Amino acid sequence: MSDTNDAVQTGADSTTEKPLLVVDNLKTYFPIRSGLLQRVTSHFKAVDGVSFHIKPGETLGLVGESGCGKTTIGRTILRLQANSGGRVIFDGHDVFAASGKELQNLRRDMQIVFQDPAGSLNPRMRIAAIVGEPLVIHGMVSSKAELRERVENILERCGMPKAAADRYPHEFSGGQRQRIGIARALALEPKFIVCDEPTSALDVSIQAQVINLLMDLQEEFKLSYLFISHDMAVIQHVCERIAVMYKGKIVEEGSRDEIIDNPQHLYTQSLLSAVPEPDPHRKIERVVFDGGAM
């Protein structure tokens, strides 16, 4: 009964499919220290009362400028960053209250693809060890032969050759390293993946390949995504629903068509007006948001 109430409180329609992820009034504050003794005098509210839900197989786009708290939300949901308040319910489990075996199972079902593919891969480990490490930790393989086979299969599914398993991260391009990062996230067969600006560090020509790979994998494995980006054009292409974030709060949320075709908040209008227009003969009036209206 409580799950249904959670869904209603965060805007989910109780008559539709039950949400996989429910984020309810999430808060993440960072202490600000000052003075000779570096005492905590105030807090920076990186995430300040954010609520949303994601259904199975759905992609929610979280869009906003750098520093608005998008990445902090993703990291807090996965307990990579401590929360200051609120709840996260994943598949009926309270993420912040979980411990022991329950927490281990949640970590297997909730994964992340990081923004910087170079910084997220250990340069001293071969790709086989990087992709295979989660499988070993969670006891999902019974022999080295099975481990090798599963690593090679997932690498191939992500567009990499089997031989990549014996090489090091520095031997690959940025796009290939991101495919390896996706393979690592996918190795545990999760239900939900936080995609933290997975294409922002890549060349434009490679971005489309990685986005198409993520969409193909979602369809094949029935994945749910929280897709974080500052690029409204990418969000528009990938996501069914969009949440617009500004200074730690969600200022507007709705379906892709609602947000793109009829944005209500001035900040959303400003983001959309900044998207480059490929037609040189079509002029779009730039909307300027000064931060005064929330």
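This text follows the structure it describes.
What counts and how
Residues numbered from 1 in each chain as written. Predicted model: local features only at pLDDT ≥ 70, side-chain atom pairs only at ≥ 80, totals over all residues. Heavy atoms only, no water. Salt bridge = Lys/Arg side-chain N within 4 Å of Asp/Glu carboxyl O. Helix = DSSP H or I, 4+ residues; strand = E, 2+ residues; numbered from the N terminus. Buried < 20%, exposed > 50% of the residue type's maximum accessible area, 1.4 Å probe, protein only. Pairing = 2+ DSSP bridges.

### Considerations on the pattern of salt bridges
Part 1: Inspection of the entire model under this criterion finds eleven salt bridges.
Part 2: A salt bridge links Asp-24 to Arg-87; the nearest nitrogen and oxygen atoms lie 3.7 Å apart. Linking Asp-24 in strand β1 (residues 21-34) with Arg-87 in strand β4 (residues 85-90), this pair joins segments that are 63 residues apart in sequence.
Part 3: Of the residues examined, Arg-87 reaches a relative accessible area of 30% and is grouped as partly exposed.

### Details of unusual backbone geometry
Generally, phi is negative for residues other than glycine and the peptide bonds are trans, each holding for most cases.
Part 1: A positive phi angle is found at Gln-38, which is not glycine, with a value near 55°.
Part 2: Among the structural elements, Gln-38 can be located in the loop between β1 and β2 (39-54).
Part 3: Overall, Gln-38 belongs to the partly exposed group, its relative accessible area being 43%.
Part 4: Not every positive phi belongs to a glycine, and Asp-91 is a case in point at roughly 50°.
Part 5: With respect to the secondary-structure elements, Asp-91 resides in the loop between β4 and β5 (93-94).
Part 6: When its relative accessible area of 35% is taken as the criterion, Asp-91 is described as partly exposed.

### Quick notes on the pairing of β4
Part 1: The sheet contact formed by β1 and β4 spans five bridges and is antiparallel. The partner of Val-23 across the bridge, within β4, is Val-88.
Part 2: Of the pairings in the sheet, the one linking β4 to β5 comprises two bridges and is antiparallel in character. Each residue of the ladder has a partner; that of Phe-90, found in β5, is His-93.
Part 3: The antiparallel pairing of β4 with β5 creates a hairpin that spans two residues between the two strands, and Asp-91 there sits at a positive phi of about 50°.

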